[in-house]
Amino acid sequence: MKSTQHTLAKSRLACATQRAFSSPKTVSAFVLAGMLACAPALAQQAGGIRGKVTTEQTGISVEGVTVVASSPVLPRPRTVQTREDGSFNLPLLIPGRYTLTITAADGSVRTMEVDVLLDQTSNVNVDLQPKVSDIETIQIVGSPFFAQQGNSSLSNSLGSDVVEALPVGQTFRDMLKIIPGVQYTENGTLGPSAGGSGAHNKYGFDGVDVSMPLFGNLASEPSTHDIEMVSMERGGAKAVGFNRSGGFAINTKSKSGTNEFKGSVEYKIENKNFSASPKDGVEQDVDKTWMTAAVSGPLIQDQLFFYGSYYGPEEKGSNKVTAYGPTKAYKSDRDEYFGKLTWAPTDDLLLNLSYRDSDRIETGSSIGQFEADSVSAGSQATQKIFTFDGSYILGDYTTLSFNINKFDYKTGGKPDVELSVVPELGGSLDITNLEQMGYFNVPDLLADTETDAARFNVGAQELINRYGYTENGVMTGGGGVGAYFQYNNQNFFRDSFELALDHEIIGDVLVHSIHIGLKYSEAEEELSRFSNGWGSISYHGGRNTALESAVADLDPTSVYYIATTEQMSFINEAGQSVSAIHSFSKSWNLEINDTIEHGDFTYNIGVLISKDTLYGQGLRANAANGSGWEIAMGEKYKMYSVDWKDMIQPRLGIDWKYDGKNSVFANYASYNPEASSLARAASWDRNTQQSLKVYFDENGNYLDSGAASGSSGKLFADNMKPHRIDEITLGTTKAITDRLQLRGHTRYRYGSHFWEDMPNNGRIAAYPESSQAPGVPAHIAEKGLYIPDLAERYDGIGSPSGGTYVIAEIDDGQTKYWEVSLEAEYFGDRTYFNVSYVWSHYYGNFDQDNTTTNPDQNIFIGSSNYGDGPGRYSWDNKYGTLAGDKPHLLKAFGYYTTDWEANIGAYFVYQSGQPWENWDGGYYGYSAGTIRYSEPAGSRRSASHWQLDLSYNQNFTFADKYVLKFRADLFNVFDRQTGYRIDPLVTSTTYGEPTKFYNPRRLQLSVGFDF
């Protein structure tokens, strides 16, 4: 919570500055509007202070003036001497509030307060005056959002005081809602879109990359109570911090200890009676509680600090009712512990060591609106984050920093109901007890006009009568019964090392701030997946429509049931099952950046170059085979490498402060996003650990089986260029008054060279005779096979067919993004207010966020449903408006401090609805309609959404050091449960209806105690 003293400090800045200029006997200090373009590297977890001591008085030297920076968060004060021109630099400071003590040669002392924000450098200029008897302290508090005003990058930083004053939430993900220009989302897995795919963002916690290896989504769940500072970069990146994100990059710094022993405890509750009824059709009463506690202090005074915390969220559900009736209670328990040491053994050396350990257990989940109680599932997740970082001041001009970190994230999911049936290839399906065979998808009736409707509907109606649910007195299909279909164990690991050297060269005309950084990281996934019974079972009903997997001479009209079963579920003749799949990737990144100051101009010239290598499992080198490989189950092999020369990412920027503080700027940046799932998706061991389509006749007798589309190991086409995003930004900043600041920009992004798995003959294969689509364009068909010599490359490792899947660049694949943004920030005596408006357009023919009916999950990057046959190629109605497009986005938030020292916070958002289009497999001659667009992408749009959140925070201080805190947060005050994620399948009974709704109005209450 922001105290009244903190708020008043902001208003004193204007008065103090005015007095400074009007009286020659007082300190004259001011902060330039914004930060210089020299943000520290991500690994440093630091900020800095730069400035210049000047004077108009004769006989006063500005060289050799002592500048001391001290802060409760810094174990030892940092001291420097001004150079000949009066300039000074204090890099690699732990973010926090600092007192600058400036001692001139005549013994006079001046002090001032400066806020240092994460990944940013505060610029302070001081007018040195003759010694006077009175010494005035001026508190200078930088704006949390426009701290980089005047920089050519689009960067923002937040302090914990801002987060705590607003109705935000408890988790890392919740904080994204208050970042200007980033869409509001209630997704639990996929990140928000900010001009790119939600899976291409980058998330950092204490400099540790906590993005899910292979999938790019946020895997970490740290709570906001541990976060001291947040920095975010959504465009115009420099070659500092190894930013390869195709979306935005966010980093956080955890809290640290000080010389003072402190502690806190808080209990928060959201009772089941505190929430409005949801519109999603699932009535569930859930009690949510959060327990947080923290303690910090010195282990060695002025040298070694500690910080420790506990976070324990818990959810308990009861009285949950679906279309099938009551279900079991839902429960989720989590225990997370965090410890951190901050040590300054010398004035020039600073070290941080931290460890986070989290365990979560969940039961009774994954029951949808139209599912029976028996399909529920449980899960367990453990997360461990280790980081060791440090910085060493080598001299007035040179610093060295490093970060060593380790991220482990282990997850396991299992059905609450475990079936006794063990699948066996060639075995039959007991169609009289489908609910005991796996997860059975109860069919819907087909419209009379559809192919084979009469034949299909006879059997479908019998199944609906047996397994459907009652709606308005009528048995209805479209639900799910049986048991959850799968056991899923996925473990993720990432080890990383970063090293950075920063050096400053001071010339007569130019100042160069040179940064050189090196990063090496290894990522791994360990996967084992089994089916519960036969897995997921659907009814085909003898329709004369193409089957999803290639099976020789199988008549589709003989197929009545299809099971999707994991091959790892089958036991071989020796009684052995297939081992887990291990997938690896290694990445090297080198960045060089020079920030050049020349008068009113600041130039940024930098480049980030990278090298990525993917490693699969299941092959071994053998020169005797034409492929150069032989089958070797479980053996690691080098799958594909993208070399340095193919990932040269320039970063160029210019900033002109035309009047000394207001500016115009321009930037060009190129990014090669590193998130890719191909280390597993193309791994050869997937041929023995793949998803199979198993086909049965009307009596449940086994017919045949084949690999599910795209689920086998794959080879790579030649001469592929890595996915690339090029970006141009133009903008300006303007201080309207000393309390109101504006920033505006326009930005363009172009994405190209997308990779996907596709049939090798996809460019030349004929569409089904019943297809209404025009087929492959002539200029693409003339390119022929993606890999012309595929048969030779398979020598010794298999026998490909024309439709064998390979990894290739998407033909004419592209995305485009335009953005026009205006941001304003105002702070008064008791008020803080921020408002931003963004108009944007996101379009193209490749939509990473729209490849399945439920995009809010970890979906393969590079091996999705996209490109999986006719109807799913880039030329099949894919060009249009993409799912992440929201043309209008308005955010407004702030707080007001009352006379009785309470904070009232508010957050408002308005954004356009989500684009969608019709999906119809019949348009292309298939029964499955998933991402088979029958009209241009984004032809339709869901309803726009707006909501208001409020918070009230009251503190009571007694005995000078104890604080009793009460807080209330009311989210979605007007209960705007706008529907989104529209069902696009034209054959579905819920076609055109929302499948998700924004969360209902809910109230959270908390009480806390600080000591």
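Residues numbered from 1 in each chain as written. Predicted model: local features only at pLDDT ≥ 70, side-chain atom pairs only at ≥ 80, totals over all residues. Heavy atoms only, no water.

Peer 1: Summarise the overall build of the protein; cite the residues concerned and give the values.
Peer 2: A count of helical and extended segments in the protein gives 6 helices and 53 strands. For the protein, whose C-alpha radius of gyration is 30 Å, the value lies close to the compact-globule estimate of 30 Å for 1011 residues. With the principal axes as the frame, the protein shows a C-alpha extent of 100 × 65 × 50 Å. Counting over 1011 residues, the protein shows a buried share of 59%. (Helix = DSSP H or I, 4+ residues; strand = E, 2+ residues; numbered from the N terminus. Rg over C-alpha atoms; globule rule 2.2 N^0.38 Å. Buried < 20%, exposed > 50% of the residue type's maximum accessible area, 1.4 Å probe, protein only.)

Peer 1: Can you break down unusual backbone geometry residue by residue, with the values?
Peer 2: Phi is positive for Leu 92, which is not a glycine, with a value near 55 degrees. Inspection of the secondary structure puts Leu 92 in strand S5 (residues 87–93). Residue Leu 92 is classed as buried on the basis of its relative accessible area, which comes to 4%. Although it is not a glycine, Asn 719 sits at a positive phi angle of roughly 55 degrees. Among the structural elements, Asn 719 can be located in the loop between strand S37 (702–707) and strand S38 (724–735).

Peer 1: Account for the pattern of salt bridges, with residues named and values stated.
Peer 2: A full pass over the atoms with the stated rule returns 43 salt bridges. Put simply, Glu 314 and Lys 316 hold a salt bridge, and the shortest N to O gap is 3.8 Å. On the basis of relative accessibility, which here comes to 26%, the residue Glu 314 falls in the partly exposed class. Given a relative accessible area of 43%, Lys 316 falls into the partly exposed group. A salt bridge links Glu 727 to Arg 749; the shortest N-O distance between them is 2.8 Å. Of this pair, Glu 727 sits in strand S38 while Arg 749 sits in strand S39 (residues 740–752), and the two are 22 residues apart along the sequence. Comparing Glu 727 with Arg 749, the two get one shared label, buried. (Salt bridge = Lys/Arg side-chain N within 4 Å of Asp/Glu carboxyl O.)

Peer 1: Run through helix H3 (residues 453–467), naming residues and quoting values.
Peer 2: Count 3.6 residues to each turn of an α-helix, and residues three or four apart come out pointing the same way. Helix length check: H3 (15 residues) gives 20 Å between terminal C-alpha atoms against 21 Å at 1.5 Å per residue, within 8%. Turning to H3, the residues buried within the fold contact strand S23 (439–441), strand S24 (469–471), strand S25 (474–476), strand S26 (480–482), strand S29 (536–539) and strand S30 (561–566). (Expected span 1.5 Å × (residues − 1). Contact = heavy atoms within 4.5 Å.)

Peer 1: How would you explain a negative patch on the surface if you had to name every residue and give the values?
Peer 2: On the surface, Glu 63, Glu 84, Asp 85 and Asp 508 cluster together into a patch of negative charge. Assignment of secondary structure puts Glu 84 in the loop between strand S4 (78–81) and S5. For Glu 84, a relative accessible area of 65% gives the class exposed. (Patch = residues over 30% accessible without salt bridge, like charges linked within 9 Å, V, L, I, M, F, W, Y side chains within 5 Å. Areas by Shrake-Rupley, 256 points an atom, 1.4 Å probe, with all protein chains shown as cover. Lys, Arg positive; Asp, Glu negative; His and termini not counted. Charge placed at Lys NZ, Arg CZ, Asp CG, Glu CD.)

Peer 1: Would you mind going over the sheet that holds S26 in detail, with residue names and values included?
Peer 2: Paired through backbone hydrogen bonds, the strands of a sheet run either parallel or antiparallel to each other. Strand order in the open sheet formed by 6 strands is S26-S23-S29-S30-S36-S37, with mixed pairing between adjacent strands. Each end of this open sheet is capped by a strand with a single partner; those strands are S26 and S37. Direction aside, the axes of adjacent strands within the sheet are offset by 25 degrees on average. Across 5 bridges, strand S36 (residues 691–696) lies against S37 in antiparallel orientation. Bridge pairing links Leu 692 to Ala 707 in S37. (Pairing = 2+ DSSP bridges. Axes fitted to C-alpha atoms, helices over the stretch in contact; angles between N-to-C directions.)

Peer 1: Please provide a residue-by-residue account of the nonpolar core, values included.
Peer 2: Counting residues in each nonpolar core, the largest one holds 82 residues, and the members touching the most others are Phe 172, Tyr 203, Val 210, Phe 248, Ile 250, Phe 716 and Trp 755. Top element by residues in this core is strand S33 (residues 629–642). It accounts for 4 residues. (Core = buried A, V, L, I, M, F, W, Y, C linked by side-chain atoms within 4.5 Å.)

Peer 1: I'd love a proper account of empty space enclosed by the protein, names of residues and values included.
Peer 2: Summed over the entire model, instances satisfying the criterion amount to 11 cavities of 30 Å³ or more. Asp 612, Pro 673, Glu 674, Ala 675 and Ser 676 are the residues nearest the centre of the largest cavity, which is lined by 42 residues in total. Among the elements of the structure, strand S27 (486–506), strand S28 (511–531), strand S31 (581–598), strand S32 (601–621), S33 and helix H4 (678–681) are those that each provide at least two residues to the lining of the largest cavity. Residues of the lining of the largest cavity, tallied by class, amount to 18 nonpolar, 15 polar and 9 charged. (1 Å grid on protein atoms, 1.4 Å probe; cavity = no way out; pocket = protein on both sides within 12 Å on 5 of 7 lines; lining within 4 Å. Points joined across faces, edges and corners; volume = space filled by probe spheres on them. Nonpolar A, V, L, I, M, F, W, Y, C, P; charged D, E, K, R; others polar.)

Peer 1: Now, about the environment of Tyr 671: what can you tell me, with residues and values included?
Peer 2: In this structure, Tyr 671 sits in strand S35 (residues 663–671). On the basis of relative accessible area, Tyr 671 is assigned to the buried category, the value being 1%. Along the chain, Tyr 671 and Leu 608 lie 63 residues apart, while their C-alpha atoms are 8.7 Å from each other. Here the side chain of Tyr 671 touches Gly 236 through a polar contact of 3.4 Å, landing on its backbone nitrogen. (Polar contact = N/O pair within 3.5 Å; in protein donor to acceptor, adjacent residues only side chain to side chain.)

Peer 1: Before we move on, could you go through the sheet that holds strand S13 (residues 227–235) and cite the residues and values that matter?
Peer 2: The mixed open sheet is built from 5 strands, whose spatial order is S10-S13-S14-S11-S12. Edge positions in the open sheet fall to strand S10 (154–159) and strand S12 (208–209), since each of these has one partner strand only. In this structure, S10 lies alongside S13, joined through 6 bridges in antiparallel fashion. Bridge pairing in S13 places Asn 156 opposite Met 232.

Peer 1: Break down the pairing of strand S45 (residues 888–897) for me, with residues and values.
Peer 2: Along S45, 7 of the 10 residues are buried, which leaves the element largely enclosed by surrounding structure. Where strand S43 (residues 831–844) lies against S45, 9 bridges are found, and the strand directions are antiparallel. Bridge pairing links Val 835 to Ala 892 in S45. Looking at chain direction, S45 and strand S46 (residues 902–911) are connected through 9 bridges and run antiparallel. Residue Leu 890 lies in a different strand from S46, and its bridge partner there is Tyr 910. Hairpin connection from S45 to S46: 4 residues lie between these consecutive antiparallel strands, with Glu 901 at a positive phi of about 60 degrees.

Peer 1: Please set out the packing of aromatic side chains residue by residue, giving values where relevant.
Peer 2: Centre-to-centre distance and the angle between the planes together describe a pair of aromatic rings. Taken as a whole and assessed by the stated rule, the structure comprises 50 aromatic pairs. Between Tyr 832 and Tyr 895, the ring centres sit 5.8 Å apart and the planes meet at 20 degrees, which makes this aromatic pair stacked. Separated by 63 residues along the polypeptide, Tyr 832 in strand S43 and Tyr 895 in strand S45 bring together distant segments of the chain. Comparing Tyr 832 with Tyr 895 shows no difference in burial state: the two are buried. A network of ring pairs unites the aromatic residues Tyr 184, Phe 893, Tyr 907, Tyr 980 and Tyr 998 as a single cluster. Over the ring of Tyr 907 we find Lys 177, and its NZ or CZ is 4.5 Å from the ring centre. The positively charged end of Arg 749 is found above the aromatic ring belonging to Tyr 671, 5.4 Å away from the centroid. (Phe/Tyr/Trp six-rings, centres within 6.5 Å; stacked < 30°, edge-to-face > 60°. Lys NZ or Arg CZ within 6 Å of the ring centre and 35° of its normal.)

Peer 1: If you had to explain the confidence of the model for the protein to someone new, which residues and values would you point to?
Peer 2: Interpretation of the predicted coordinates at a detailed level should be avoided for regions scoring low in pLDDT. Taken as a whole, the protein shows an average pLDDT of 87; of its residues, 91% reach a score of 70 or greater. Per-residue pLDDT stays below 50 along residues 1–43; that stretch engages in 127 contacts with residues further than four places along the chain or on separate chains. (pLDDT = per-residue confidence, 0-100.)

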